[in-house]
Amino acid sequence: MTTAKESANEKKASTPRKKPVKKTKVKADPIVEPAVPADTCEPCDTLGASLARHIRYGLCRDDHDPEELFTAVGKSVKEQMLDDWRQTRIKDNQYQQKQVAYLSLEFLMGRALGNALLSLNLTDEAKAVLTDYATTLEDIEQVEHDAGLGNGGLGRLAACFLDSCASLDLSVTGYGIRYQYGMFMQKIVDGYQIEQPDRWLRHGNPWEVRIAHKIVTVPFFGHTENYVDKHGRRHHVWTDTQNVLAVPYDVPIPGFNNGRINTLRLWKAEANDEFDLAEFNEGDYAEAVATKNLAEQITMVLYPNDASVNGKELRLRQQYFLSSASLQDLLARYVAHYGKDFSQFSQHNVLQLNDTHPSIAVPELMRLLLDQYELTWDEAWAITSESMAYTNHTLLPEALERWSVPMMKYMLPRIVEIIFEINSRYLEQVAHHWPGNIEKLTSMSIIEEGPEQHIRMAYLAIVASFSVNGVAGLHTQLLKDGLFSDFYQLWPEKFNNKTNGVTPRRWLAYCNPKLAGLITRRLGKEWITDLSRLAALNAFTSDKAFVKEWAEIKLANKQALSEFVEQECGVKFDPSMMFDVQVKRIHEYKRQLLNILHVIHLYRRILNGDTEGMVPRCVLIGGKAAPGYAMAKQIIKLANSVAHMVNSDPLVTPYLRMAFLPNYNVSAMEKICPGTDLSEQISTAGKEASGTGNMKFMMNGALTIGTLDGANIEMLEEVGHENFFLFGLDAAQVAQAKVNYQPQHIIAQSEALSGVMSMLKSGHFNLVEPGIFDHIIASIIDPYDQWMTAADFESYRIAQEKVAQTYLDQDTWQQISIRNSAASGRFSSDNTIAGYRDDIWMKK
Ligand SMILES: *Cc1c(COP(=O)(O)O)cnc(C)c1O
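The rules we used
- Residues numbered from 1 in each chain as written.
- Predicted model: local features only at pLDDT ≥ 70, side-chain atom pairs only at ≥ 80, totals over all residues.
- Heavy atoms only, no water.
- Buried < 20%, exposed > 50% of the residue type's maximum accessible area, 1.4 Å probe, protein only.
- Helix = DSSP H or I, 4+ residues; strand = E, 2+ residues; numbered from the N terminus.
- Near = heavy atom within 4 Å.
- Polar contact = N/O pair within 3.5 Å; in protein donor to acceptor, adjacent residues only side chain to side chain.
- Areas by Shrake-Rupley, 256 points an atom, 1.4 Å probe, with all protein chains shown as cover.
- Nonpolar A, V, L, I, M, F, W, Y, C, P; charged D, E, K, R; others polar.
- Axes fitted to C-alpha atoms, helices over the stretch in contact; angles between N-to-C directions.
- Parallel < 35°, antiparallel > 145°, perpendicular 65-115°, else oblique.
- Contact = heavy atoms within 4.5 Å.
- Pairing = 2+ DSSP bridges.
- Expected span 1.5 Å × (residues − 1).
- 1 Å grid on protein atoms, 1.4 Å probe; cavity = no way out; pocket = protein on both sides within 12 Å on 5 of 7 lines; lining within 4 Å.
- Points joined across faces, edges and corners; volume = space filled by probe spheres on them.
- Phe/Tyr/Trp six-rings, centres within 6.5 Å; stacked < 30°, edge-to-face > 60°.
- Core = buried A, V, L, I, M, F, W, Y, C linked by side-chain atoms within 4.5 Å.
- pLDDT = per-residue confidence, 0-100.
- Salt bridge = Lys/Arg side-chain N within 4 Å of Asp/Glu carboxyl O.

Caption draft 1: Representation of helix 12 (residues 361–372). Within helix 12, 11 of the 12 residues are buried, leaving the element largely enclosed by the surrounding structure. Looking at helix 12, one finds that the buried residues are Ala361, Val362, Pro363, Glu364, Leu365, Met366, Arg367, Leu368, Leu369, Leu370 and Asp371. Among the residues trailing helix 12, Glu374 stands out with phi positive, at a value near 60°.

Rendered as structure tokens:
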């Protein structure tokens, strides 16, 4: 006799679980919003009444802690959006305007409260209401956990875009993943980065709404079969799959004072109930629960790699999960309105792929149209290739996604078949364009040959998209000339540039209320939705009272930043000193190392008594390193070690102080950019696709020291050379200099850099930990150093001297500060999104 357990094991050993995907019956299910009683009930309470109700009936007790009070405030503010949210949805379900789906594995939203109040014009009301609860809006805002569902620039761009889309009254839905753990929390212990899980949902999330009736099912594993029906048509069946539920959690995205509330739909993975039941029936409770965890693992954690990939299987599962769930959602909505006639689909829908991360949406849309809706290949391909648009974010080879074919075959067998079919049809076009050129067929194939085949996701995205865009002028040019030049020859019309931007609501109006107030008093408030109006600030550079007020506001913001730095780092920054800031992900290409070498140079000068013309500065560096990126972690340690030596010498601190800010995130940047004098944008030319931190600083009146890289080039164009501290090799010169790069020689020729290198090598900064910086030292003198740190040092040092000279003349400095802010209009994400709207989304 076999026990239930044995038979369960036997079953497991023999075949994978049988769970065929049920052929979903597609029915036209019109989306009906009940007019009654929703439209006849009492309108929503005021914010104050709503808050009182949430505190009285929502918390159920009197001893609420700050988290609970924040939750009550958040829910009350959300209530203020519900009517408009519903109206927006009803309108958009009529397809009155083109529907855009912005697919992204990352949305770095930060906090929502302050921004929502600003968008709804409820800030003053909230302040007044909260006085009744013996607290302030500022205190409540600080309680909110950042929604850190992104790594850095790419995820923050998605967040700025959602704000601009809603504010421009565009019907755009963000589709992402509701990671249970967002970006890790960074602690610094003995100068080293320590990662801790970010349990941002621990106290709940007042903004989200779980939409149980929009759950969809996403298949994995299994195998494919095909058969020919009596009409001679071949059908493909993906069967024996393990199915995971995708549960949507909707977050409201309010437009600025315009009544539109768009949606960010975040998917959470949950175990399929039927699936559990089978296990329960066999009596294996533990196995059932384990299975549940396996399914829910998909949306457990955000991969903390910025500008690199690690090729983990779970990451591919996340990508497919997001793509499939979002497409099923889109198609169901379309069918509810238009039925199964897909001929108009691409006229009414467009999908913007934020990098290749969601590019598996290409074969997934094909699969749904072919297998589920039974379209022909040509019909399905026409729809797919007319509705996909791809944004590339990087040229770094380590960031280009390639997925192993055997791994994908095992996880997504039907998807691999479709990719191979797309490839073979596309290669016919290549063969036609380059007759007899076998090499082109190999180099341009979506499938990379080798000991193991890989799928080049960027090629897949380009082949299937009607638009391919880079994120700054230089970046797009380099895509056309280099990485994608063959594709550019084949399809020049697909390529276009959309220089990144940032939302002026969060990054000026909200985070810098003093400066925003001054600007509004002089220019009116239209700049908030038309940032080009800041150009009018140029007229005030000769207005003494205005310049004085501008300077006073910067000083007040520096005071606030110095309090933040002291609280977070224990280092005192004196607001009378220059605040020199570099905050961004730690990466060799961003060259935090160059900045640190310059700090060491200043430190040596002070020790040598060479303080003539030196401007006292406080240098702030902050950013997270990918946990597996050893060099980036050593750079963090070096920054902390140098800061320690600098700050502990009382002869040095009148001239120089340095701090490493732990856990750089969106809410930290909201305090940092208003209080910064000098913004460091010093990447190796040709490596930073755009940068957006550079724009936030510029809007808030910081001056930039930077290379000719990414959007720096366009910032320089807008503000002029006399208002920008440019240094270093340009992209072409970097490529040239690589040919015969001799850093040892360059170091020998620079007294300053030789001194810095000797001090580093002497172990001055690591007396009790000998050897820990050997890799860093070796990287600088390596003739194959891709980042050319030594090559740009002298030019950087000289530019920094010019910075100091300029700072000595405060009137001039403040005028340049005003000109920078005045010239930042082009970098509003409203401007960027207007470009996406006109050139990409509304094109067809
Ligand atoms: C803006 C921003 C970034 C991007 O900064 P770059 O300097 O462009 O790399 C990264 N992280 C956070 C938290 C940001 O706010």
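Caption draft 2: Spatial organisation of the site of the ligand. Neighbouring the ligand are 14 residues; Lys584, Lys590, Thr692, Gly693 and Lys696 lie closest to it. A distance of 3.0 Å separates an oxygen atom of the ligand from a polar atom in the backbone of Gly693. Within the contact set of the ligand, an oxygen atom lies 2.6 Å away from a side-chain nitrogen or oxygen of Lys696. Against a free-state accessible area of 390 Å², the protein chains account for coverage of 96% of the ligand. Counting only elements with at least two residues in the shell around the ligand, the list comes to helix 25 (666–672) and helix 26 (693–699). Among the residues forming the shell around the ligand, the class breakdown is 5 nonpolar, 6 polar and 3 charged.

Caption draft 3: Molecular detail of the packing of helix 32 (residues 789–808) against helix 33 (residues 810–822). Here helix 32 crosses helix 33 at 110°, and the two axes come no closer than 5 Å. Compared by their axis directions, helix 32 and helix 33 come out roughly perpendicular. Two secondary-structure elements touch here, helix 32 through Val803, Thr806, Tyr807 and Leu808 and helix 33 through Gln810, Thr812, Trp813 and Ile816.

Caption draft 4: Representation of the sheet that holds strand 21 (residues 617–622) in the model. The 6 strands lie next to each other as 22-21-20-23-24-25, forming an open sheet whose pairing is parallel. What marks the edges here is a single partner per strand, and that holds for strand 22 (656–661) and strand 25 (725–726). Examined bridge by bridge, strand 24 (residues 703–706) and strand 25 share 2 bridges and lie parallel to one another. Each residue of the ladder has a partner; that of Ile705, found in strand 25, is Phe725. Lying on the sheet, helix 23 (residues 592–607) is in contact with strand 20 (578–583), strand 21, strand 22 and strand 23 (678–681); it crosses strand 21 at an angle near 155°.

Caption draft 5: View of the sheet that holds strand 17 (residues 454–456). Taken in spatial order, the 3 strands of this open sheet run 15-17-16, and their pairing is antiparallel. Two strands lie at the open edges of the sheet, namely strand 15 (402–404) and strand 16 (447–448), each paired on one side alone. Taken together, the 2 bridges between strand 16 and strand 17 define a ladder with antiparallel strand orientation. Each residue of the ladder has a partner; that of Glu448, found in strand 17, is His454. Lying on the sheet, helix 17 (residues 457–464) is in contact with strand 15 and strand 17; it crosses strand 17 at an angle near 45°.

Caption draft 6: Fine view of the environment of Glu493. Mapped onto the secondary structure, Glu493 falls in the loop between helix 19 (485–490) and strand 19 (495–497). Taking relative accessible area as the criterion, Glu493 reaches 52% and is therefore assigned exposed. Separated by 27 residues in the primary sequence, Glu493 and Phe466 have C-alpha atoms spaced 8.4 Å apart.

Caption draft 7: Quick look at the packing of helix 13 (residues 377–387) against helix 15 (residues 413–433). Between helix 13 and helix 15, the least distance of the axes is 13 Å, while the angle of their chain directions is 85°. On the basis of the axis angle, helix 13 is roughly perpendicular to helix 15. Contacts between helix 13 and helix 15 involve Trp377, Asp378 and Trp381 from the first element and Ile418, Glu421, Ile422 and Arg425 from the second. Its residues assigned to classes, the contact of helix 13 with helix 15 comprises 4 nonpolar, no polar and 3 charged.

Caption draft 8: Spatial organisation of helix 24 (residues 630–647). Look at helix 24: 26 Å from first C-alpha to last across 18 residues, which is about the 26 Å you get at 1.5 Å a residue. With respect to burial, helix 24 is a largely interior element, 13 of its 18 residues being buried.

Caption draft 9: Focus on empty space enclosed by the protein. This structure, assessed with the given rule, holds 6 cavities of 30 Å³ or more. Approximately 450 Å³ is the volume found for the largest cavity. Lining of the largest cavity is provided by 32 residues; of these, Gly110, Arg111, Ala112, Glu144 and Trp207 occupy positions nearest its centre. For the lining of the largest cavity, the secondary-structure elements that each account for two or more residues are helix 3 (66–92), strand 2 (107–110), helix 4 (113–120), strand 3 (147–149), helix 7 (153–167), strand 11 (242–254) and strand 12 (261–271). In this model, the second largest cavity occupies a volume close to 70 Å³. Around the second largest cavity, the lining residues are Glu588, Arg591, Gln592, Leu593, Met631, Ile635, Ser779, Asp785, Trp787 and Thr789. For the lining of the second largest cavity, the elements supplying multiple residues, two or more each, are helix 23 and helix 24. Counted by class, the lining of the second largest cavity contains 4 nonpolar, 3 polar and 3 charged residues.

Caption draft 10: A look at the packing of aromatic side chains. Per the counting criterion, the structure on display carries 29 aromatic pairs. For the pair Tyr95 and Tyr338, a centre-to-centre distance of 5.2 Å together with 70° between the ring planes defines the contact as edge-to-face. Here the residue Tyr95 occupies a position in the loop between helix 3 and strand 1 (99–103), and Tyr338 occupies one in helix 10 (residues 313–338), the gap between them amounting to 243 residues. The exposure class assigned to Tyr95 is buried, which follows from its relative accessible area of 5%. Between Phe342 and Tyr373, the aromatic rings sit 4.9 Å apart at their centres with planes inclined by 65°, giving edge-to-face as the arrangement. Remark: Tyr373 occurs in the loop between helix 12 and helix 13 and Phe342 occurs in the loop between helix 10 and helix 11 (345–348); sequence separation between them is 31 residues.

Caption draft 11: The nonpolar core, seen in detail. Phe220, Phe342, Met408, Tyr426, Ile446, Phe487 and Trp841 are the most contacted members of the largest nonpolar core, which totals 139 residues. Among the elements that take part in this core, helix 10 stands out by supplying 11 residues, more than any other. In this structure Trp841 touches Lys98, Val100, Cys165, Leu170, Val172, Val350, Gln352, Ile833 and Tyr836, once residues within four positions along its chain are discounted. Ile606, Ile636, Leu678 and Ala804 belong to the second largest nonpolar core, which has 64 residues in total.

Caption draft 12: Just the pairing of strand 23, in detail. Neither face of strand 23 is left uncovered, since the one carrying Leu678 and Glu680 and the one carrying Ser679 and Gln681 both have all their residues buried. Here 4 bridges tie strand 23 to strand 24, and the two strands are oriented parallel to one another. Counterpart to Gln681 in the pairing with strand 24 is Gly706.

Caption draft 13: Looking closely at the confidence of the model for the protein. In the predicted model, the protein carries a mean pLDDT of 94, and the fraction of residues at 70 or more is 93%. A low-confidence stretch, residues 1–27 (pLDDT under 50), is modelled with 38 contacts involving residues beyond four sequence positions or located in other chains.

Caption draft 14: View of the environment of Gly150. Within the element layout of this structure, Gly150 appears in the loop between strand 3 and helix 7. For the pair formed by Gly150 and Leu105, sequence separation is 45 residues and the distance between their alpha carbons is 7.8 Å. Residues in contact with Gly150, not counting those within four places in the same chain, are Glu106, Phe107, Leu108, Met183 and Leu302.

Caption draft 15: Structural detail: unusual backbone geometry. Non-glycine residue Ala134 carries a positive phi angle of around 55°. Along the polypeptide, Ala134 turns up in the loop between helix 5 (123–131) and helix 6 (137–143). Relative accessible area serves as the criterion here: at 77%, Ala134 is assigned to the exposed category. You will see that Arg591, though not glycine, has its phi angle at about 60°, which is positive. Assignment of secondary structure puts Arg591 in the loop between strand 20 and helix 23. The exposure class of Arg591 is buried, given its relative accessible area of 1%.

Caption draft 16: The pattern of salt bridges, seen in detail. For the coordinates displayed, the defined rule picks out 41 salt bridges. Ionic pairing is found between Arg260 and Asp92, a salt bridge with its closest N-O pair at 3.0 Å. With Arg260 in the loop between strand 11 and strand 12 and Asp92 in helix 3, this residue pair connects regions lying 168 residues apart in the sequence. Each member of the pair Arg260 and Asp92 is classed as buried. For the salt bridge of Asp792 with Arg591, the shortest nitrogen-to-oxygen distance reads 2.7 Å. Residue Asp792 is found in helix 32, and its partner Arg591 is found in the loop between strand 20 and helix 23; the two are separated by 201 residues along the sequence. Comparing Asp792 with Arg591, the two get one shared label, buried. Residues joined by salt bridges that share partners form a network here, namely Arg605, Asp610, Glu794, Arg797 and Glu801.

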